[in-house]
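A structural walkthrough
Each chain, written out:
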Amino acid sequence: MQTTNAKESKMGSLAIHVEWVLLPMFCALTGYTEKAVRRKIEDGVWLQSKHFRKAPDGRITMNVQEYYKWVEQAA
């Protein structure tokens with residue numbers, strides 16, 4: 001019979017790889033306002049197809065992994 005650490009069985013371990021998220025979720029994750037994100041897009045700081053894409057319905061989706069790379073390069 002296999003025993004399991006009580007903490008491990010209650011918490012579990014779940015890893016989810018998220019790449020593209022809609023703008024409101026991106027703002028919630030990063031603390032940027034939608035206005036600030038749109039300004040970075042307009043100013044060419046974040047590039048289409050790399051940092052953001054427009055979904056077929058016109059909504060902006062952001063690449064979270066590319067955002068992390070952008071943050072790390074600035075350090």
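Predicted model, so just to flag it, every value in this text is computed and none were measured.

Reading guide: rules and limits
- Residues numbered from 1 in each chain as written.
- Predicted model: local features only at pLDDT ≥ 70, side-chain atom pairs only at ≥ 80, totals over all residues.
- Heavy atoms only, no water.
- Phe/Tyr/Trp six-rings, centres within 6.5 Å; stacked < 30°, edge-to-face > 60°.
- Helix = DSSP H or I, 4+ residues; strand = E, 2+ residues; numbered from the N terminus.
- Buried < 20%, exposed > 50% of the residue type's maximum accessible area, 1.4 Å probe, protein only.
- Polar contact = N/O pair within 3.5 Å; in protein donor to acceptor, adjacent residues only side chain to side chain.

1. Re the packing of aromatic side chains
Throughout the structure, instances matching the rule amount to eight aromatic pairs. Centre to centre, the rings of Phe26 and Trp46 are 5.8 Å apart; their planes meet at 90°, and the pair counts as edge-to-face. Taken together, the positions of Phe26 in helix H2 (residues 23-30) and Trp46 in the loop between helix H3 (34-42) and strand E2 (52-54) put the pair 20 residues apart, joining distant regions of the chain. By relative accessible area, which is 1% here, Phe26 ends up buried. Between Tyr67 and Tyr68, the ring centres sit 5.8 Å apart and the planes meet at 55°, which makes this aromatic pair tilted. On the basis of relative accessible area, Tyr67 is assigned to the buried category, the value being 11%. One aromatic cluster is present, built from ring pairs that chain together Phe26, Tyr32, Trp46, Tyr67, Tyr68 and Trp70.

2. Some thoughts on the side chain of Asn63
With respect to the secondary-structure elements, Asn63 resides in strand E3 (residues 60-63). Take Asn63: its relative accessible area is 4%, and that puts it in the buried class. At 3.0 Å, the side chain of Asn63 and the backbone nitrogen of Gln65 are in polar contact.

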